[in-house]
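Structural overview
Chain residues, written in single-letter form:
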Amino acid sequence: MKTKILMTRREALVLSAGAAAAVSASAQPAPFTLPKLPYAADALEPYIDARTMEIHHGKHHQAYVDNLNKALSGQTRIAGWSLDELLRRLGEVPESIRTAVRNHGGGHANHSLFWQLLAPPRQSGPAGALQKAIDAAFGSRSALEEKLKAAGMQVFGSGWAWLSLDAQNRLTVHGLPNQDSPLMENRRPLLGIDVWEHAYYLKYQNRRADYLDAVLRLINWDFVSDRFERLRA
Ligand code: MN
């Protein structure tokens, strides 16, 4: 096993800068491009192995991007829409490509967020307003983590476990199937955990619970806390 080194404040800031770039990228219209991972493929070892990261990012995520661009080509009416807009206004997307945009647009958005949500383990947890909101809504960070794990376990087949802000700015934990995004139901995604088998099968096989425990150790709470401040404003 490799020696793990906790991130320095400077490295954390570099990650945050990458995160900001990725967030602004979600405001750009098609054609969409695969964002770079904000860390090396082996940075999350031993919790998530490099091979899984390479296939998950380089093959699965790339395929969502390519298939989304393919679906949107020649669609002039919605050509200027950002990724967030396509998902929030899915009902206005031409019916002939709506399922493709739902699946591949959702896949692109969800994975672009997911990479930013992870980081090598460090000591920090939810901070500032997010910490207060988590304590008020769930009682504690560990109670929230239990809820996220339960939501991930309850997804039958492929999907995601989410922590979202609802229309009233309340924190909610919920599961969604496939690549559906909270944006499709008027929620703003704060944190999502991919529970598709492609996210964990090489290392964890059928042990989704062990994978969920591992991912919960990798959450970049500085990023989530900043995102909360932005999204609730
Ligand atoms: Mn995935």
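Since the structure is predicted, the reported quantities are computational estimates derived from the model, not experimental observations. (Residues numbered from 1 in each chain as written. Predicted model: local features only at pLDDT ≥ 70, side-chain atom pairs only at ≥ 80, totals over all residues. Heavy atoms only, no water.)

Once that is clear, we can look at the pairing of strand β3 (residues 188-194). Among the seven residues in β3, six count as buried, and that is most of the element. Of the strand pairs in this sheet, strand β1 (residues 159-165) and β3 are connected by six bridges, and their pairing is antiparallel. Bridging across to β3, L163 finds its partner in L191. (Buried < 20%, exposed > 50% of the residue type's maximum accessible area, 1.4 Å probe, protein only. Helix = DSSP H or I, 4+ residues; strand = E, 2+ residues; numbered from the N terminus. Pairing = 2+ DSSP bridges.)

Let us look at the nonpolar core. Within the largest apolar cluster, 47 residues are counted, with the highest numbers of intra-cluster contacts made by L118, L171, L191, I193 and Y211. At six residues, the largest contribution of residues to this core is made by helix α8 (residues 208-218). Look past the residues within four positions of L171 in its chain and what remains in contact with it is L130, A133, I134, A137, F138, L163, S164, L165, L190 and F228. (Core = buried A, V, L, I, M, F, W, Y, C linked by side-chain atoms within 4.5 Å. Contact = heavy atoms within 4.5 Å.)

Overall, the coordinates contain 11 salt bridges when judged by the stated rule. Of the charged contacts, one joins R51 and E54 as a salt bridge, the two residues approaching to 3.8 Å between their closest N and O atoms. In this pair, R51 and E54 both sit in helix α2 (residues 50-72), three residues apart, roughly one turn of the helix. In this structure, D180 engages R102 in a salt bridge whose closest nitrogen and oxygen atoms are separated by 2.9 Å. Remark: R102 occurs in helix α4 (residues 95-117) and D180 occurs in the loop between β2 (171-177) and β3; sequence separation between them is 78 residues. (Salt bridge = Lys/Arg side-chain N within 4 Å of Asp/Glu carboxyl O.)

What the rule picks out here adds up to five aromatic pairs. Consider the rings of F114 and W115, whose centres lie 5.6 Å apart with planes at 50°: the pair is tilted. A residue is classified by how much of its surface remains accessible, and F114, at 2% relative accessible area, is buried. Among the aromatic residues, ring-to-ring pairing joins F114, W115, W160 and W162 into one connected group. Positioned over the ring face of W81 is R89, at 4.1 Å from the centre of the ring. The side chain of K203 reaches across the aromatic face of Y204, ending 5.9 Å from its centre. (Phe/Tyr/Trp six-rings, centres within 6.5 Å; stacked < 30°, edge-to-face > 60°. Lys NZ or Arg CZ within 6 Å of the ring centre and 35° of its normal.)

All right, on to the packing of helix α5 (residues 128-138) against helix α6 (residues 141-154) then. It is the contact of α5 with α6, at a shortest axis distance of 8 Å, that shows an interaxial angle of 70°. Regarding the angle of α5 to α6, the classification is roughly perpendicular. Once α5 is placed against α6, the crossing between them reads as left-handed. Across from I134, D135 and F138 in α5, the residues of α6 making contact are R141, A143, L144 and K147. (Axes fitted to C-alpha atoms, helices over the stretch in contact; angles between N-to-C directions. Parallel < 35°, antiparallel > 145°, perpendicular 65-115°, else oblique. Left-handed = near helix turned anticlockwise from the far one by under 90°.)

Bringing α8 into the picture now. Of the residues making up α8, those classed as buried are R208, Y211, L212, A214, V215, L216 and L218. Those residues of α8 that are buried lie in contact with α4, α6, β3 and α7 (201-204).

This part takes up the coordination of the manganese ion. The protein atoms that coordinate the manganese ion are H56 (NE2), H111 (NE2), D194 (OD) and H198 (NE2), at distances of 1.9 to 2.1 Å. Coordination of the manganese ion draws on donor residues from a single chain, spaced H-x54-H-x82-D-x3-H in sequence. Of this pair, H111 sits in helix α4 while D194 sits in strand β3, and the two are 83 residues apart along the sequence. (Donors = N, O, S within 2.8 Å, 3.2 Å for Na, K, Ca; no water.)

Glancing now at the sheet that holds β1. Taking strand neighbours across the sheet as the criterion, the three strands line up as β2-β1-β3 in an open arrangement whose pairing is antiparallel. With partners counted over all chains shown, the strands left at the sheet margins are β2 and β3, one partner each. For this sheet, the mean inter-axis angle between neighbouring strands, taken without regard to orientation, is 25°. Across the face of the sheet, helix α9 (residues 221-232) comes into contact with β1, β2 and β3 while running at roughly 150° to β3.

Everything listed here is a matter of geometry and, on its own, says nothing about what the molecule does.
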